[in-house]
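# Summary of the model geometry
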Amino acid sequence: MDIIYIQNNQFQLNTLNTSYVMHNENGVLCHTYYGQRLPDMDHGYMAKRCRYNGDFQSNISENVPTLDNALLEYPVFGDGGITHPALEVLNADGTNFVDLRVVDYIVHNGKPAIDDLPASYCENGDKVKTLEIKTKDEVSGVEARLFYAVFYDYDVITRWVKITNNGKNAITLLKALSGNIAFDNKNYDVITNFGTWARERQIERAPLLHSGAIVESNCGSSSHYANPFIIMAEHNTTEHSGESIGIALAYSGNHKMSANLSRYNVVNLSAGISPDNFRWNLEQGESFSTPELVISFSGNGLNGLSQNFHTLIKNRVCRGIYRDKKRPVLLNLWEACYFDFTDETIKKAADSAADLGIELLVIDDGWFGKRNNDHTSLGDWNVNEDKIKCGLADLCEYVNSKGLMLGIWFEPEMVSPESELIKKHPEWVMQIRGRKPTETRWQLMLDLTNPEVCDFVYDSVAYVLKNTNIQYVKWDYNRTMAHIGSAYLKAEQMGEYYHRYILGLYGVLDRLTTDFPNVLFEGCASGGGRFDIGMLYYTPQIWTSDDTDAVERVEIQYGTSLIYPMSCQSAHVSVCPNHQTGRTVSMQARHIFALTGSFGYELAPEKIADNDREYIKEFIKFYNDNFDVFQSGKYYRLTNPTNDDFAVFQYVYNGRVIVGAMQMSNHAVNLQNTVRLKGLEPNGIYLNKATGKKYCGSQLMQFGLPLNVCTGKNDYCAFVWDLSLCD
Ligand code: GLA
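Residues numbered from 1 in each chain as written. Predicted model: local features only at pLDDT ≥ 70, side-chain atom pairs only at ≥ 80, totals over all residues. Heavy atoms only, no water.

## Quick look at the sheet that holds strand β36 (residues 694–696)
A sheet is described by the order of its strands in space; here 6 strands give the open sequence β31-β32-β33-β38-β35-β36, paired in antiparallel fashion. Lying at the two open borders of the sheet, with one neighbouring strand each, are β31 (634–637) and β36. Put simply, the sheet's adjacent strands are angled 25 degrees from each other on average, direction ignored. For strand β32 (residues 646–653) and strand β33 (residues 656–663), the ladder comprises 8 bridges, and the chain directions are antiparallel. Bridging across to β33, F646 finds its partner in Q663. Relative to the sheet, helix α11 (residues 587–594) contacts β32, β33 and β38 (718–725), its axis offset from that of β33 by approximately 135 degrees. (Pairing = 2+ DSSP bridges. Helix = DSSP H or I, 4+ residues; strand = E, 2+ residues; numbered from the N terminus. Axes fitted to C-alpha atoms, helices over the stretch in contact; angles between N-to-C directions. Contact = heavy atoms within 4.5 Å.)

Structure follows, in C-alpha cells:
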C-alpha cells in the first residue's frame, strides 16, 4: 500500500477507501479516476478512454494541442477547452494564455502550510503525504504548483495551487481557482445549501443538467446564501447507500463553485475565490496561493460523505485547546435582555446560572461605548461605565467567584457612523472616495486591507483579554460588503480588495488565537452568515443561526451537517414563545435538538420556573456525562426532517449510542413508527439505561426503535434514547 503511488506517468493517491488517479500526458495533467479504492497498478486504459472520447480535435500528444476534450486537473483560459477555466492570466502583452506543462513533482511527508491561509493540518503519526506537481509555461515563465494532500485515514484529499511569476514581466491573475476535477457523469444530482438570515443552509438537490449549477457569493463573505460546497451524488444515492463526491472550500470570502456538464457528459467540478472583481498583481518573483479545497468521496451514502468531512474538520481543521477539550455549557444573555442590562443584571444571572450547571456566561452586544441600541459605538471598545459600573475586570471576578467563566461579544470588523473611532479615523472606513459609504444596520465596515486597521482590531480585543479574565469571545460580523474601496490601497490594487480583506481578517484571528490560546473564540455573522472551513480553523464553533426556534433549527442544523460537524454548530435552548417565530415547543424538544450542536442556553436564568430548573440541571448533567459522544461520536441523520413526520438523529461512540427524535407533525394516525439505527455491532447487546430493556444490535438496525412514544401527544413531542453496549 502506497499513499502516493507513481508509475508510468500516473499519479495514484490512495486513502483507506478511495483512489484519486491522474496522468501526465505530454505535460498536460489530466484526471483519470476518483472513486472506490483501486489496487496500485497501471490504469493507462482509463487515461486513453478519457482522451479519445469522440472528438477529433483532442489529441494531447500533438505538439501544441487544443484541449477541448481532455479531463483537466487545472484548465487554463485559452487552452482550447470549452470548460470553465481555473486560471486566467493577463500577460504583459495583453494576452491571456499560459500553457502549463508538468515539469517536475515531489512527494512531501506530511503537509506543507499554505501561505497566510487557514488549512487542514496533520500531526505526528498521521498517515498524510502531499504530492506537489510543478507545472510551467516556458514562454511567460509562469509557474503553477499543484498540491494534493492525502489524508489516508480520513478518506480526504485537499488541493491548492501556488502560482509564481518567474517571468520577466509583471502579470495579473484574473482568475485563480483552487482546483478542477473532471469525470464522467454518472447521472449525478447536485446537492447544495441555500439560505438567508435565520434560515441558513437549506438543502437543495436537483439533477445536473448541461446548463450547470453554480454556488457563489460576491457579498464579501462566504454568506448565508450559498455555502461554499457542492456535493455530487448519483441519482440513486441515499443517505446511507450509494456514491457521492463532495468539495468544500476553506475560505470565508467571495467564492465560486460550479458543476458543469460538457457536451460529452463530462462533469467539471471547480471551486475557488470568485473571479468577479478579482485581480491579483504578481510582480517578478511574487507568488499567490489559493485557498484549500477539501475533497472527499464516499460509497456509503451522503451520511458517509458527511462523516468524512466531520472527522477531518473537527480533528484536523479546528485547533487549540477546545478542539478536544469539553466545550463549556454556555448561557448567552442576548435574548434575555438585548441591550438593556447593567452589571447587576449580569451578576443576578451569574447567581442564578451557577447552580444550574452553566459553565460560561456570555455578555452579548451592548457592553461598550454608548451602545444602548444598534445605532452607535461599534469601534469604541471601551466598557460602557453607565451600564457596567464596576468595570469588566471586577464583573469578571464576580462571575468567576460563582464558578462560571465570563465571555463577551465583539464585532471588531465594523464601525458605527456615530462613534469616536470614526471621528478619529474616517480614512479607516471601507469606502469609495467621493461616495457616501453604504450602511447596513447602521454600521460601516473597517478597511482590513490596511495593516494599521488590523492592528487596531487586534489591540481592541487583546486589550480586553489582557486586562480581564474573559475566556470566551463571540466574534460577530453583521453586514455584507458593498461599494468597496480603500483609502489605503492604490488604484491598481483595488481588484485585490476582497481577498486582501480576508487575509487581513485571518491575520488578526491568527494573532489573537496564538496569543490567547486559552480563550474560546466563537464565530458569528448575523447568525450563520460565515460558516465555513476557513473560519473553523480559528473558531472551533460558530453560532449556527439567529433563529433559536427548535423546530426551525432542526432543518438548519440538518442542512449544516452535510459538511460541518455538530460540535462546530452552536445550538442553544431559548424561551417560548420563541422570539423569532412565536412558536411554543416543549422543554424536552428544545433540549434534545440542542444536542446536535455545541450545547447552551439563550435566556434569563433567574426567570426559569422551579420545575424547569430541575429539568435543566438533570439535562446538563446528561450532556456533560455524554460530552465525548457528542464531540467525538459518529453522527447519523436517520430521517429527513423536511419530509418525514419525525426528525431523528443518532450518535455512536465507543459502544454508546444516543438517539434523539422529534415528531415534526402529529396526525390522528401516525404512519412512521420505527426508525432503524446505524453503525451498531450486529451481535452486540445494547442496554437502554432508562428502561433496563436490552436489544440486539441487528434488531435495532434491521427492525429499529419504535417511534410511537408520541402517539396521542402534540406536534414536536421529543424524546431521547441512551443505549450502551453491554460487555
Ligand atoms: C447578531 C448575532 C446575534 C447577536 C446580535 C447582537 O445578530 O447573530 O446573536 O449577537 O448580533 O447585536
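## Section: the domain arrangement of the protein
The assigned domain composition of the protein is domain 1 (4–316), domain 2 (321–543) and domain 3 (637–725). The C-alpha centroid of domain 2 is placed 35 Å from the C-alpha centroid of domain 1. On the domain 2 side, the residues contacting the 38 residues of domain 1 number 29 residues. Carbon and sulfur atoms supply 55% of the area that domain 1 and domain 2 bury against each other, a total of about 2,700 Å² over both sides. By the criterion of area lost to domain 2, the three top residues of domain 1 are P118, S252 and W280, representing 20% of everything that side buries. Put simply, domain 1 and domain 2 have 1 salt bridge between them. Of the charged contacts, one joins R323 and E123 as a salt bridge, the two residues approaching to 3.2 Å between their closest N and O atoms. The interface formed by domain 1 and domain 2 includes 18 residue pairs in polar contact (both at pLDDT 80 or more). (Domains from an automatic or database assignment. Buried area = accessible area lost by both parts, 1.4 Å probe. Salt bridge = Lys/Arg side-chain N within 4 Å of Asp/Glu carboxyl O. Polar contact = N/O pair within 3.5 Å; in protein donor to acceptor, adjacent residues only side chain to side chain.)

## With respect to unusual backbone geometry
Each neighbour pair has its own omega, and for C576 with P577 the value is -5 degrees, a cis peptide bond. Looking at the secondary structure, you find P577 in the loop between β29 (569–574) and α11. One non-glycine residue, S223, lies in the positive phi region at around 85 degrees. One can find S223 in the loop between β13 (213–217) and β14 (229–234). One non-glycine residue with positive phi stands out, namely N277, at about 55 degrees. Looking at the secondary structure, you find N277 in the loop between β17 (266–273) and β18 (280–282). You can call N277 partly exposed: its relative accessible area is 40%. (Buried < 20%, exposed > 50% of the residue type's maximum accessible area, 1.4 Å probe, protein only.)

## Things to note about the side chain of T468
Topologically, T468 is positioned in the loop between α7 (451–467) and β26 (472–475). Assessed through its relative accessible area of 14%, T468 is described here as buried. Only 2.6 Å separates the side chain of T468 from the backbone oxygen of V464, close enough to count as a polar contact. At 3.2 Å, the side chain of T468 and the backbone nitrogen of I470 are in polar contact.

## Observations regarding the site of the ligand
Within the structure, the ligand sits among 13 residues, and D364, D365, R441, K474 and D546 are positioned closest to it. Between the ligand and the protein, one listed contact pairs an oxygen atom with a side-chain N or O atom of R441 at 2.8 Å. Among the residues forming the shell around the ligand, the class breakdown is 4 nonpolar, 3 polar and 6 charged. (Near = heavy atom within 4 Å. Nonpolar A, V, L, I, M, F, W, Y, C, P; charged D, E, K, R; others polar.)

## Things to note about the packing of aromatic side chains
Within the structure shown, the criterion is met by 38 aromatic pairs. Taking the centre distance of 5.0 Å and the plane angle of 55 degrees together, the rings of F531 and Y564 count as tilted. In this pair, F531 is assigned in the loop between β27 (520–523) and α9 (533–536) and Y564 in the loop between α10 (550–560) and β29, connecting sequence segments 33 residues apart. Just as F531 is buried, Y564 falls in that class too. Members of the aromatic cluster, joined through ring pairs, are F593, F599, Y601, Y615, F619, F622, Y623, F627, F630, Y635, F649 and Y651. (Phe/Tyr/Trp six-rings, centres within 6.5 Å; stacked < 30°, edge-to-face > 60°.)

## Quick look at the confidence of the model for the protein
Per-residue confidence for the protein gives a mean pLDDT of 95, with 96% of residues at or over 70. Confidence scores differ between elements of the protein, with helix α1 (residues 44–51) showing the lowest mean pLDDT of 70 and strand β20 (residues 292–298) the highest of 99. Taken together, the stretch residues 51–59 has pLDDT below 50 and engages in 22 contacts with residues farther than four places along the chain or on a different chain. (pLDDT = per-residue confidence, 0-100.)

## Here's the deal with the sheet that holds strand β1 (residues 4–7)
Strand order across the open sheet formed by 4 strands is β1-β2-β3-β4, with antiparallel pairing between neighbours. At either margin of the open sheet sits one strand with a lone partner, and together these are β1 and β4 (28–36). Going from strand to strand, the sheet's axes swing by 15 degrees on average, the running direction of each strand aside. Summarising the sheet, strand β3 (residues 18–25) and β4 pair through 8 bridges and their orientation is antiparallel. From the neighbouring strand, N24 faces β4, where its bridge partner is L29.

## Remarks on the side chain of Q443
Tracing the chain through its elements places Q443 in the loop between α6 (420–424) and β25 (444–445). With a relative accessible area of 0%, Q443 lands in the buried category. Those residues in contact with Q443 that sit more than four places away from it in its chain are L378, E411, M414, V415, P417, T438, N478 and R479.

## Comments concerning the nonpolar core
As a rule of thumb, soluble globular proteins bury nonpolar side chains together. Counting 196 residues, the largest nonpolar core has L173 and W367 as the members making the most contacts within it. Setting aside residues no more than four positions away along its own chain, W367 makes contact with F341, W381, N382, V383, N384, I388, L392, I408, W409, F410 and V464. Ranked by size, the runner-up nonpolar core spans 22 residues in total, among them F646, V659, Y686 and L707. (Core = buried A, V, L, I, M, F, W, Y, C linked by side-chain atoms within 4.5 Å.)

## As for the pattern of salt bridges
Applying the stated rule across the entire model yields 33 salt bridges. Residue K474 is joined to D364 by a salt bridge in which the shortest nitrogen-to-oxygen separation is 2.8 Å. With K474 in strand β26 and D364 in the loop between β22 (360–363) and α5 (391–401), the pair connects residues that are 110 residues apart, well separated along the chain. The buried category is assigned to K474, whose relative accessible area is 4%. The salt bridge partner of K617 is E614, with a shortest N-O separation of 3.5 Å. Here the residue K617 and the residue E614 both occupy positions in helix α12 (residues 610–625), the gap between them amounting to 3 residues, near one helical turn.

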